Amino acid sequence: EKNTAESSEQVVIFEEKITKVNGEVGIKRYQRGKFLGKGGFAKCYEATNLETKKVLAAKIIAKSSLTKNRARQKLISEIKIHKSLQNTNIVQFEHVFEDHENVYILLELCSNQTLNELIKRRKRLTEIEVQCYVAQIINSLKYLHASNVIHRDLKLGNLFLNKSMELKLGDFGLATKLEFEGEKKRTICGTPNYIAPEVLDGKVGHSFEVDVWSLGVMIYAMLIGKPPFETPDVKTTYRKIRLNSYTFPEHVLISDSAKNLITRILNLDPVKRPTLDEIMSHPFMNTGGSIPKTLPLSTLACPPSASYNKQ
Ligand SMILES: CC[C@@H]1C(=O)N(C)c2cncnc2N1C1CCCC1
């Protein structure tokens, strides 16, 4: 028969041996689909649960890449925290299992990639679109902080978009859970453009306010097209962050309420930054279409942002 590429392409299955409660041994099979890309130590693919036909996103981490204890601890922490979360604006953690070679993490599929790709394509978003994405980010952060979890790596590349362009916060590799009231964290971590000044300072310790800082950086990046402190060199970026040195470029028109909100959030003093509720009730989040105050957030229909799906 015609030896076309399809027929020679081998079907890759990864399977999980499960022992049911009654002691019976069963097998769960997943068919590996298209390559989604690399994420840290992981190779990511679409994966179909052959029983339920549900298509998921699989992060496959070779155990051989987990020799260093730091990488192992990070993965264990990511799984422990992400597994415990359930929110409409957080990537759903579906399942995790391992075999001799790999660890398999199965997550909710977000087929419209991330806000990072959207900004790269569109250059910048309209204020209405930004309000809509910010409302969803705040919804996820209110839940996360109420669960005593700090994300610590908020950036456009960790905000995923599903087929309906709904926003889903993902990648809990740098997240941490606070064990007691008022606990402060000291480990320096995050992505240079989005990292809060107090994390760089390293002496005072940091808490939930670092996620609010990163939200301010993301609002700026969505409206302007690039993050406020971005430079070709990380050390210079850190200096600009510590000096709070950024400007609003003349050629990009943004409203005074947008500038006011960004300025309030990017305060070097964490306690002076607005809370998530204060951001939600800021004029920037309540101008544009006259949305009656009585409508619950969920009915806030987002304006159509062109999705990637061709169909
Ligand atoms: C599976 C890893 C990561 C992710 O976390 N989610 C939720 C996701 C969900 N849907 C598609 N891709 C996703 N990714 C991409 C894959 C390559 C880089 C990041």
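Treat the numbers as computed from the prediction; the structure is a model and nothing was measured. (Residues numbered from 1 in each chain as written. Predicted model: local features only at pLDDT ≥ 70, side-chain atom pairs only at ≥ 80, totals over all residues. Heavy atoms only, no water.)

Undergrad: It is not clear to me how the packing of aromatic side chains should be interpreted in this structure. Could you clarify?
TA: Centre distance and the angle of the planes are the two values used to describe a pair of aromatic rings. Throughout the structure, instances matching the rule amount to 11 aromatic pairs. Measuring from ring centre to ring centre gives 5.7 Å for Trp213 and Phe229, while their planes differ by 10°; the resulting arrangement is stacked. With Trp213 in helix α6 (residues 209-224) and Phe229 in the loop between α6 and α7 (234-242), this residue pair connects regions lying 16 residues apart in the sequence. Both rings, one in Tyr246 and one in Phe248, keep their centres 5.8 Å apart while their planes meet at 85°; by these two values the pair is edge-to-face. (Phe/Tyr/Trp six-rings, centres within 6.5 Å; stacked < 30°, edge-to-face > 60°. Helix = DSSP H or I, 4+ residues; strand = E, 2+ residues; numbered from the N terminus.)

Undergrad: How should the side chain of Asn87 be read in this particular structure?
TA: Residue placement: Asn87 occurs in the loop between α2 (69-83) and β5 (93-98). From its side chain, Asn87 meets the backbone nitrogen of Asn89 in a polar contact 2.7 Å long. Residues in contact with Asn87, not counting those within four places in the same chain, are Asn139, Ser140 and Tyr143. (Polar contact = N/O pair within 3.5 Å; in protein donor to acceptor, adjacent residues only side chain to side chain. Contact = heavy atoms within 4.5 Å.)

Undergrad: Looking at this structure, I do not really get the site of the ligand. What am I missing?
TA: All residues adjacent to the ligand are Leu36, Gly37, Lys38, Cys44, Ala57, Lys59, Val91, Leu107, Glu108, Leu109, Cys110 and Phe160. Within the contact set of the ligand, a nitrogen atom lies 2.8 Å away from a backbone nitrogen or oxygen of Cys110. Its free accessible area being 410 Å², the ligand has 85% of it covered by the protein chains. Those elements that place two or more of their residues in the shell around the ligand are β2 (25-39), β4 (55-62) and β6 (102-108). Sorting elements by how many residues they give to the shell around the ligand places β2 first, with 3 residues. Partitioning the shell around the ligand into residue classes produces 8 nonpolar, 1 polar and 3 charged. (Near = heavy atom within 4 Å. Areas by Shrake-Rupley, 256 points an atom, 1.4 Å probe, with all protein chains shown as cover. Nonpolar A, V, L, I, M, F, W, Y, C, P; charged D, E, K, R; others polar.)

Undergrad: Is there a simple way to explain the confidence of the model for the protein chain in this structure?
TA: With 91% of its residues at a pLDDT of at least 70, the protein chain reaches an overall mean of 91. Interface confidence for the predicted complex, given as ipTM, is 0.99, next to a pTM of 0.91. (pLDDT = per-residue confidence, 0-100.)

Undergrad: Teacher, can you tell me more about the environment of Phe97 here?
TA: Looking at the element boundaries, Phe97 is found in strand β5. Sequence spacing of Phe97 and His282 is 185 residues, and the spatial spacing of their C-alpha atoms is 44 Å. Residue contacts for Phe97: discarding those within four places in its chain leaves Phe14, Glu15, Glu16, Tyr30, Asn102, Val103, Tyr104 and Leu106.

Undergrad: Would you take a moment to explain the nonpolar core for this structure?
TA: Within the largest apolar cluster, 60 residues are counted, with the highest numbers of intra-cluster contacts made by Leu115, Tyr133, Leu215, Met218, Ile219, Met222 and Ile262. The element best represented in this core is α6, accounting for 12 residues. Excluding residues that lie within four positions of it along the chain, Met222 makes contacts with Leu115, Ile119, Arg124, Leu125, Val130, Tyr133, Val134, Ile137 and Leu156. Within the second largest apolar cluster, 13 residues are counted, among which are Ala42, Cys44, Leu66 and Val91. (Core = buried A, V, L, I, M, F, W, Y, C linked by side-chain atoms within 4.5 Å. Buried < 20%, exposed > 50% of the residue type's maximum accessible area, 1.4 Å probe, protein only.)

Undergrad: I keep staring at the sheet that holds β5 and nothing clicks. Help me out?
TA: Strand-to-strand pairing in sheets goes through backbone hydrogen bonds, with the strands running parallel or antiparallel. Ordered by their spatial adjacency, 6 strands build an open sheet running β1-β2-β3-β4-β6-β5, and the pairing between neighbours is antiparallel. The open sheet has two edge strands with one neighbour each: β1 (13-19) and β5. Averaged over all pairs of adjacent strands, the angle between strand axes in this sheet comes to 30°, irrespective of strand direction. Each of β4, β5 and β6 is contacted by α2, which is oriented at about 145° to β5, the strand it contacts most. (Pairing = 2+ DSSP bridges. Axes fitted to C-alpha atoms, helices over the stretch in contact; angles between N-to-C directions.)

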